[in-house]
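What follows is the residue order along each chain.
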Amino acid sequence: MRIYYIFLVLFLPFSTFLYSQKIPALECMYKISVRDKDGIHNTLRKYLITSDKIFSFIENDSSRASLADFKQQTVKVKNINGNVYTTGMTNSRNPVTIKQKKDSINGFVGDYLITNIGGAENISLILDSSTKIPKFKGEGFFDVFDNGLGYLPIKGVKEALSPIEGQGNIIWTISLLSKKVIEVDSSLLRVE
């Protein structure tokens, strides 16, 4: 019986290491404003970016989350009801054309993308070209992060006509508030 306890004490740290491995991640906090016919709605969204995943959730509410897995080429989204939807990364993308030019905002000079999807959606991004993120091999947008170039956005605007009649234009504005490298438990980067 005594040897069992010795084995347990020796194995416990090893098993903890196996199931909770710490990995480096870039933690980015964004402010997202949505302007529609009812006014402006603001929220904070946190993104954890690793070498092959982008995990995001609304601040103080990780029950609704999304996970882009570039290795598996899948996207998982958990909605407000807790239902999880999984799609292939290719199926979640809209083909777009990307034009690059130099622009500046608040003294920052970077790549400025102007994108038009079938005349119904316009996306503009200002990128931090010093910060590389995982990207899908191809062109177009999956999310604000998957811009076809693999650089971290610091500011973006997306304007679209709502598919719901009478809603009119909806404008999303995203702004980077902070970014830092942290250690995270790899088991947290899941949507289930």
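Above this text you will find the structure in question.
The rules behind the values
Residues numbered from 1 in each chain as written. Predicted model: local features only at pLDDT ≥ 70, side-chain atom pairs only at ≥ 80, totals over all residues. Heavy atoms only, no water. Helix = DSSP H or I, 4+ residues; strand = E, 2+ residues; numbered from the N terminus. Buried < 20%, exposed > 50% of the residue type's maximum accessible area, 1.4 Å probe, protein only. Contact = heavy atoms within 4.5 Å. Areas by Shrake-Rupley, 256 points an atom, 1.4 Å probe, with all protein chains shown as cover. Phe/Tyr/Trp six-rings, centres within 6.5 Å; stacked < 30°, edge-to-face > 60°. Lys NZ or Arg CZ within 6 Å of the ring centre and 35° of its normal.

(A) The arrangement of the overall build of the protein chain in detail. A tally of regular secondary structure across the protein chain gives one helix and 11 strands. Scanning the protein chain from its N terminus toward the C terminus, one meets helices and strands in the order α-β-β-β-β-β-β-β-β-β-β-β. A total of 192 residues make up the protein chain; the buried ones form 37% of that total. Partitioning the intrachain contacts of the protein chain with sequence separation of at least 6 by distance along the chain shows that 43% fall at a separation of at least 24. Roughly 11,800 Å² of accessible area belongs to the protein chain as shown, and the carbon and sulfur atoms make up 56% of that amount.

(B) Looking closely at the packing of aromatic side chains. Tallied over the entire structure, the rule returns two aromatic pairs. Seen in terms of ring centroids, Y30 and Y47 are 5.6 Å apart; in terms of plane orientation they differ by 80°. Their pairing is edge-to-face. Taken together, the positions of Y30 in strand 1 (residues 22–36) and Y47 in strand 2 (residues 39–49) put the pair 17 residues apart, joining distant regions of the chain. In this structure, Y30 and Y47 share a single accessibility class: buried. Consider the rings of F55 and F57, whose centres lie 5.6 Å apart with planes at 50°: the pair is tilted. Given the relative accessible area of 6%, F55 is considered buried. Positioned over the ring face of Y151 is K132, at 4.6 Å from the centre of the ring.

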